[in-house]
Structure formats: structure tokens, C-alpha cells
Amino acid sequence: MKTRNNVQKAVLRTGAVIVSLVLISYTVSAQEFWKRLLANSSFGDIALAMADADYSKGEANHENAGFFQFATELEPELEVESWMTDDSRFSTATFSIETATDTPLELEPWMMDENLFEPAEKALELEDWMTSEAVWGI
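What you are looking at is a predicted structure, and each value in this text was computed from that prediction instead of being measured.

The rules behind each value
- Residues numbered from 1 in each chain as written.
- Predicted model: local features only at pLDDT ≥ 70, side-chain atom pairs only at ≥ 80, totals over all residues.
- Heavy atoms only, no water.
- Helix = DSSP H or I, 4+ residues; strand = E, 2+ residues; numbered from the N terminus.
- Buried < 20%, exposed > 50% of the residue type's maximum accessible area, 1.4 Å probe, protein only.
- Areas by Shrake-Rupley, 256 points an atom, 1.4 Å probe, with all protein chains shown as cover.
- Patch = residues over 30% accessible without salt bridge, like charges linked within 9 Å, V, L, I, M, F, W, Y side chains within 5 Å.
- Salt bridge = Lys/Arg side-chain N within 4 Å of Asp/Glu carboxyl O.

Enquirer: Is there a simple way to explain the overall build of the protein chain in this structure?
Expert: Helix and strand content of the protein chain: 3 helices and 0 strands. Relative to its 138 residues, the protein chain shows a buried fraction of 1%. As displayed, the protein chain has an accessible area near 14,800 Å², and 59% of this comes from carbon and sulfur atoms.

Enquirer: Would you mind showing me how to read a nonpolar patch on the surface here?
Expert: There is a patch of nonpolar side chains on the surface, built from L107, W110, M111, M112, L116 and F117 and spanning about 680 Å² of accessible area. Topologically, M112 is positioned in the loop between α2 (42-52) and α3 (133-136). Given the relative accessible area of 57%, M112 is considered exposed.

These figures come from the coordinates and say nothing about function on their own.
Following this line, the structure appears as C-alpha cells:
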């Protein structure tokens, strides 16, 4: 029995080592994936610019300085048109508040008739095994 357990442990350990090696090799090859993703997307330009920045001097690498162009954009001013101020186009909501009143509840004779209603559950009954010393070991 011990030999069987030891063999199983050895097989599991070997399998764990093989799976670990496969995962590590997959992770190492994934590093190139992130480099390609950053290089081929618009985020790549930002990532490359930040990677070239020398933060200790507070300046960025000026080789890529001409790559970015900043332009101030202005939106045209909004104009108020005549239909926007026409009160007939916009109706105001009118609210009327009424006090709600309920009619008082009345007790009717059929409500007191016990023959119309059946109990939902049977009454609980005490059985012999519930108090038996042999069952409970008291």
C-alpha cells in the first residue's frame, strides 16, 4: 500500500513539474505578445513616449517630440432660436393633489364561520419514539 501511495505521489509531482514548465514557457512567449500589441495600437505611442521619458530630470526624450501635435479646438457658440423660447411648444405639467380615503373595513358574518376555513397544517402529535430512552440514550 505504501509503495502505491509513493508511486502516486511521484507521478503527481512529475505532472506538476511538467505543467509548471509548460506554463512558464507560455508566459515567456507572451512577453513578445504585449510588445507587439503596444507597438501596433494607439496605446503603443503613449507607452513608447512614457518609456522614453527621463523623469529624473523632468524632461522627455526629444527624439519623438515632433510626433505629437497639439491643436486648440473651439466649438461654435450656441444660438437661441425662436422656437426655443415659444411657450406654446412646451406645456407645463399640471398636478392635482387629492386626499385618498379608504372606506372602513367591515366584519361580515361569513368571515366568522369556522366551517368555511380549514387549517393549513395538521396538529402536531407526540409519537412514542420521540420520548424513548433507547433512541436518545438518556
